[in-house]
Number of protein chains: 4
Amino acid sequence: ENLNLELALKILKKAEEKAVEINKPMCIAVVDAGGNLLAFHRMDDALLVSIEIAINKAFTAVMLKMETSRLAELAKPNGELFGINNAYNGRIVPFGGGIPIFKNGKLIGAIGVSGGTVDEDVVVAKAGISAI
Amino acid sequence: ENLNLELALKILKKAEEKAVEINKPMCIAVVDAGGNLLAFHRMDDALLVSIEIAINKAFTAVMLKMETSRLAELAKPNGELFGINNAYNGRIVPFGGGIPIFKNGKLIGAIGVSGGTVDEDVVVAKAGISAI
Amino acid sequence: ENLNLELALKILKKAEEKAVEINKPMCIAVVDAGGNLLAFHRMDDALLVSIEIAINKAFTAVMLKMETSRLAELAKPNGELFGINNAYNGRIVPFGGGIPIFKNGKLIGAIGVSGGTVDEDVVVAKAGISAI
Amino acid sequence: ENLNLELALKILKKAEEKAVEINKPMCIAVVDAGGNLLAFHRMDDALLVSIEIAINKAFTAVMLKMETSRLAELAKPNGELFGINNAYNGRIVPFGGGIPIFKNGKLIGAIGVSGGTVDEDVVVAKAGISAI
């Protein structure tokens, strides 16, 4: 089973509520298990750069089946995967805010959040996933 | 005044209702006056190609301040703008489904719809704009 | 249910046998329902351009849930979707040789073939799908 | 003499057997001496990011006539080739898993493996080359 729009919007709603709570306008994206975009919302006053970063964080989380925060360490100059962020035309994002979504152990999609500090992005992404 | 997320979601809602009415799953995008994505929903079973096409139709409508359906004629081999669809890394879409949104004569954004025939896309895009 | 490697290799085998039969070296690609590559074989002496074309024909068939041969008409200067082949960084291929694969009415992937005339590519693609 | 499909499939087979043995689903690619893709298999449950990484590791090994693991050191901020991974639209991969294949001292192609840790990728790549 894959994510559908209804579920994606529930995830967006939870994430947006958290973003309002911490008072940081965010861009939030949800992709399916193939990495293809399902839904995206840009909150008012969110950074424009966050549009692409949010979408690509979700994409990255699906591509690597891991939280993008884990990639931060791996992609550093002394990390095992230094240079990986060039892959897929630069779409691989090596810092936190993208989290894969699993159901019964199977990847069904991911959320990507951008707009605050990395820590804030992660908090909002986790809030989004709590909808499931 | 520019579009905001609240207004974008109203537009998406109207468009989605029309898409349900004509029984065609669609991808629907709303961009602001800078051509930057505000909101995007992919309805269940919509074509994957429509993700990018919907976003780019909205982008095109802002870039040219015209309905993308008008561009169809202009971009043909004998048209005045033949080749324009190569611009912006191929993001200019020369067929219907993208419509700019004006308020008091000023461009404030655009909607882009993809997933049905071009006529269906246009119908859904117009339904979306009726929300304003 | 999605395609897996075992099934993809059966499809490749059938397609390759047909390519040998008509004496045309081909590139043959199989992608999953998300458009992501599963398997690819380039037969000896196949054209190098066919590597990318075969992969992109399969991608296109998934993106549009249709045979790429149908897109040939739609993408012509007077066709409804003229210009669509610019989408996805030029990955949309508007001529025959890409065929979506359905199981119980649900898209599970696609085959893409390139190396001969378009008619030959289609024949080989259909032979591949006969494996299912 | 260059690699051909038959030889490429033998290489893939050996690599896949090793991947099964260490219980890590992998993407495995073989390219010819021109860096052009000959064969590619994605094993079930392999990471999607590995599709492109595997192909690009093989490409990198041909482009530089060296194992991509050697490039890791060279591409670091203090390395002699810092920045090289931007070349060829980001296709140069600076970590292990790509190995050039020589015959009588002449480059005939390369294998690229992605899906596990870098060490696992290297082990599977070497197993693949043992087929020759």
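Refer to the preceding data block for the structure.
Since this is a predicted model, take the numbers as computed values, not measurements. (Residues numbered from 1 in each chain as written. Chains lettered and ligands numbered in written order. Predicted model: local features only at pLDDT ≥ 70, side-chain atom pairs only at ≥ 80, totals over all residues. Heavy atoms only, no water.)

Caption draft 1: Structural view of the relation of the copies chain A and chain B. Expressed as a screw transformation, the operator carrying chain A onto chain B has a rotation angle of 180° and an axial translation of 0.1 Å, and the superposed copies differ by an RMSD of 0.1 Å. Between the two chains, the operation in question is that of a two-fold axis. Rotation axis and chain A: the residue whose C-alpha lies nearest the axis is A:F40, separated from it by 2.5 Å. Both copies share a contact surface, since 100% of the interface residues of chain A are interface residues in chain B too. (Least-squares fit on C-alpha atoms with pLDDT ≥ 70 in both. Contact = heavy atoms within 4.5 Å.)

Caption draft 2: Quick look at the packing of helix 1 (residues 5-21) of chain C against helix 5 (residues 118-129) of chain C. Residues and elements named next belong to chain C. Look at helix 1 against helix 5: their axes get within 7 Å of each other, and the N-to-C directions meet at 140°. With respect to their mutual orientation, helix 1 and helix 5 come out oblique. As helix 1 runs across helix 5, the sense of the crossing is right-handed. Of the residues in helix 5, those in contact with I11, K14, A15, K18 and A19 of helix 1 are V123, V124, A127, G128 and I129. (Axes fitted to C-alpha atoms, helices over the stretch in contact; angles between N-to-C directions. Helix = DSSP H or I, 4+ residues; strand = E, 2+ residues; numbered from the N terminus. Parallel < 35°, antiparallel > 145°, perpendicular 65-115°, else oblique. Left-handed = near helix turned anticlockwise from the far one by under 90°.)

Caption draft 3: Representation of the nonpolar core. Counting 94 residues, the largest nonpolar core has A:F40, A:I92, B:F40, C:F40, C:I92 and D:F40 as the members making the most contacts within it. Those residues in contact with C:I92 that sit more than four places away from it in its chain are B:V49, C:F59, C:T60, C:M63, C:L64, C:L71, C:I84, C:N85 and C:A87. (Core = buried A, V, L, I, M, F, W, Y, C linked by side-chain atoms within 4.5 Å. Buried < 20%, exposed > 50% of the residue type's maximum accessible area, 1.4 Å probe, protein only.)

Caption draft 4: Quick look at the sheet that holds strand 4 (residues 106-114) of chain B. If you trace the eight strands from one edge of the open sheet to the other, you get 3(A)-4(A)-1(A)-2(A)-2(B)-1(B)-4(B)-3(B), paired in antiparallel fashion. The two strands at the open ends of the sheet, each matched to only one other strand, are strand 3 (98-103) of chain A together with strand 3 (98-103) of chain B. Pairwise comparison of adjacent strand axes, ignoring direction, gives a mean angle of 20° for this sheet. Of the pairings in the sheet, the one linking strand 2 (residues 37-42) of chain A to strand 2 (residues 37-42) of chain B comprises three bridges and is antiparallel in character. Counted as the bridge partner of A:A39 is B:H41 from strand 2 of chain B. Contacting strand 1 (27-32), strand 2, strand 3 and strand 4 (106-114) of chain A together with strand 2 of chain B, helix 2 (residues 49-64) of chain A runs over the sheet at an angle of about 155° to strand 4 of chain A. (Pairing = 2+ DSSP bridges.)

Caption draft 5: Main features of the pattern of salt bridges. Following the criterion strictly, the structure yields 24 salt bridges over all chains and no others. The shortest N-O distance in the salt bridge between B:K13 and B:E17 comes to 2.9 Å. With B:K13 and B:E17 both in helix 1 (residues 5-21) and four residues apart, this pair spans about one turn of that helix. Judged by relative accessible area, B:E17 falls into the partly exposed class, the value being 39%. Measuring nitrogen to oxygen at the nearest pair gives 3.0 Å for the salt bridge that ties C:D121 to C:K57. In this pair, C:D121 sits in helix 5 while C:K57 sits in helix 2 (residues 49-64), placing the two residues 64 residues apart along the sequence. One exposure class covers both C:D121 and C:K57, and it is buried. (Salt bridge = Lys/Arg side-chain N within 4 Å of Asp/Glu carboxyl O.)

Caption draft 6: Representation of the pairing of strand 4 (residues 106-114) of chain C within the structure. All names here are of chain C. In terms of burial, strand 4 is a largely internal element, eight of the nine residues being buried. Looking at chain direction, strand 1 (residues 27-32) and strand 4 are connected through six bridges and run antiparallel. When the sheet's bridge partners are listed, V30 is paired in strand 4 with I111. Bridging between strand 3 (residues 98-103) and strand 4 involves six bridges; their strand directions are antiparallel.

Caption draft 7: Representation of helix 5 (residues 118-129) of chain B. All names here are of chain B. Taking 1.5 Å as the rise per residue, helix 5 with 12 residues should run 16 Å; its terminal C-alpha atoms sit 17 Å apart, in good agreement. V118, D121, V122, V124, A125, A127 and G128 are the residues of helix 5 that are buried. Looking at the buried side of helix 5, the elements it contacts are helix 1, strand 1 (27-32), helix 2 (49-64), strand 3 and strand 4. (Expected span 1.5 Å × (residues − 1).)

Caption draft 8: Quick peek at the interface of chain A and chain B. Contacts between chain A and chain B engage 17 residues on the former and 17 residues on the latter. Between chain A and chain B, roughly 1400 Å² of surface is buried when both sides are summed, and carbon and sulfur atoms account for 55% of that area. It is A:L5, A:L37 and A:R42 that lose the most area in chain A upon contact with chain B, and together they represent 37% of the buried surface on that side. Counting across the interface, chain A meets chain B through two salt bridges. In this structure, B:D32 and A:R42 form a salt bridge, with 2.7 Å as the shortest nitrogen-oxygen distance. Applying the counting criterion to the chain A and chain B interface returns 12 residue pairs in polar contact (both at pLDDT 80 or more). Elements with a minimum of two residues in the side of chain A that touches chain B: helix 1 (5-21), strand 2 and helix 2 of chain A. If one sorts the elements of the side of chain A that touches chain B by residue count, strand 2 of chain A sits on top with six residues. Looking at the side of chain A that touches chain B residue by residue, the classes come out as 10 nonpolar, three polar and four charged. (Buried area = accessible area lost by both parts, 1.4 Å probe. Polar contact = N/O pair within 3.5 Å; in protein donor to acceptor, adjacent residues only side chain to side chain. Nonpolar A, V, L, I, M, F, W, Y, C, P; charged D, E, K, R; others polar.)

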